[in-house]
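Each chain, letter by letter, is given below.
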Amino acid sequence: MQEPKILMKPDDQLDLTPEELKEEFTRILTANNPHAPNNIVRYDFKDHCYKMKVGVDQLAVHFAMDGNMLHKESDEAKRQLAKLGIVGEVISEHTLSEVEVNVEEDDADAEGEPDSAEDGDVPKEVPAAKPQEAALRNQFNFSERASQTFNNPYRERGTSTEPPPRTTFSATANQWEIYDAYVEDLERQEKLKEKKSRDKDDKERKKHIQPVETIGGGDEINRVNKSIKIIERMVNQNTHDEIAQDFKYWDDGSDDFKDGEGTLLPLWLFKSDKAKKYSVTSLLFNPKYDDMFAVGHGSYDFLKQSGGLVCVYSLKNPSFPEYIYPTESGVMTLDFHPEHPYLMAVGFYDGAVAVYNLREKTTSPTYKSSAKNGKHTDPVWQVYWQENDLDNQLNFFSISSDGRV
């Protein structure tokens, strides 16, 4: 009879109702390692900051062992057997146990031979023993080998330098030497202040020398640059239409009743934001283009001289100058060439003269005198183009208060 099964209930087991027993609890198994850290921060050399590492290795290794055993049927194992001189196939453990059992039976028969010979029985022939093959403990052929590499000798290299020269200096300081040192320091500080103020003036002067940005910045804009200028003049003509009508047809009837007197009507007002702090020193109309005139800007305050400006205006566009040429010194006089109206001679306050070509897009002068090729020492008050010389070269006069022409 089978013993009846008795269910043992632990003392700490919970008493659950049938509904609680039927309730299912779902658990999701994931491959994430619960012991893997999730707050690893690495330094990113590309962004030059520390960043949180997103991918964390979830692999957990419980046991690992590196071995150097080879399978007996592999090529490497056969080569090692051939090198060691072991000929023949490797026998397994089952074959080895059979060989040991046969050897024990043969030994037992050999012990029983003397008794049978005494009894008069014919002795049996002992079978020839089989050649015993080399037995291995397992199917792997393990051979332990070691090698040692040659260690290169260390090289030592050293250098020695000569010590710097030394000098011994000693002196005594009295009140006069301390006073002279303070005076030299004050003079040095004053020179630094003058240098800083001079550098500041140079920077302000360079701002006026900067070339004016033209509207033609790219190839596509250069193609329509002429069309844009025509449209701009049309818009200005429509804006100042009343002024244009007054310029052509205005007449004051009261002038007939005034002896030697008349009435002036202001028409256009030409101004530029860059010429606000300058004075108008000269004005000249172009001999060929009646609507174009040039204005020279400088300063008559000879104690406070800075830079200058040359603005070329047109009656067709009174809102903005056609050409702007910043200068290093104040402009004192202007003159257009009678045969080449695009050439303009300019005289400056520092005694230099220059020639500007209105056809060129640069703001630098085509020619400018200097201390090397000769210039006036005082301001130039008048420049005037003359006829070409015998070599058919362009030339002009310049008059200055230094007494030279």
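The structure under discussion appears in the preceding block.
Basis of the calculations
Residues numbered from 1 in each chain as written. Predicted model: local features only at pLDDT ≥ 70, side-chain atom pairs only at ≥ 80, totals over all residues. Heavy atoms only, no water. Helix = DSSP H or I, 4+ residues; strand = E, 2+ residues; numbered from the N terminus. Buried < 20%, exposed > 50% of the residue type's maximum accessible area, 1.4 Å probe, protein only. Contact = heavy atoms within 4.5 Å. Areas by Shrake-Rupley, 256 points an atom, 1.4 Å probe, with all protein chains shown as cover. Salt bridge = Lys/Arg side-chain N within 4 Å of Asp/Glu carboxyl O. Pairing = 2+ DSSP bridges. Core = buried A, V, L, I, M, F, W, Y, C linked by side-chain atoms within 4.5 Å. Patch = residues over 30% accessible without salt bridge, like charges linked within 9 Å, V, L, I, M, F, W, Y side chains within 5 Å.

Asker: Can you walk me through the overall build of the protein chain in this structure?
Answerer: Along its length, the protein chain carries 8 helices and 12 strands. Expressed as a percentage of the 405 residues in the protein chain, the buried residues total 19%. Considering only residue pairs separated by 6 or more positions, the protein chain has 43% of its internal contacts joining residues 24 or more positions apart. As displayed, the protein chain offers around 35,300 Å² of accessible surface, 52% of which is attributable to carbon and sulfur atoms.

Asker: How do you make sense of the pattern of salt bridges when you look at a structure like this?
Answerer: Between side chains of opposite charge, a pair can form when the charged atoms approach closely. The tally for this structure, following the rule as stated, stands at 5 salt bridges. Close ionic contact of Asp15 with Lys9 constitutes a salt bridge, the shortest N to O distance being 2.8 Å. Here Lys51 ties to Asp44 by a salt bridge, and the two come within 3.4 Å at their closest N and O atoms. Lys51 sits in the partly exposed class, given a relative accessible area of 37%. Look at Asp44 and you get partly exposed, because its relative accessible area is 22%.

Asker: What is the right way to read the sheet that holds strand E9 (residues 353-357) from this model?
Answerer: Within a sheet, neighbouring strands are paired by backbone hydrogen bonds and run either parallel or antiparallel to one another. The strand order E7-E8-E9-E10 describes an open sheet built from 4 strands, whose pairing is antiparallel. A single partner strand is all that each edge strand has here, and the edge strands are strand E7 (331-336) and strand E10 (367-368).

Asker: Help me understand the nonpolar core, please; the structure alone is not making it clear to me.
Answerer: For soluble globular proteins, the rule of thumb is that nonpolar side chains tend to be buried together. One finds Met344 and Val346 to be the most contacted residues of the largest nonpolar core, which totals 15 residues. Sequence-distant contacts of Val346, defined by excluding residues within four places in its chain, comprise Val310, Val331, Thr333, Leu334, Ala352, Val353, Ala354, Tyr356 and Val383. Grouped together as the second largest cluster of nonpolar side chains are 8 residues, Ala275, Tyr278, Leu309 and Cys311 included.

Asker: Would you explain a nonpolar patch on the surface in this entry?
Answerer: On the surface, a nonpolar cluster with roughly 600 Å² of combined accessible area is contributed by Val41, Tyr43, Phe45, Tyr50 and Met52. Mapped by element, the contributors of at least two residues to the nonpolar patch are strand E1 (41-44) and strand E2 (49-52). Turning to its location among the elements, Tyr43 is positioned in strand E1.

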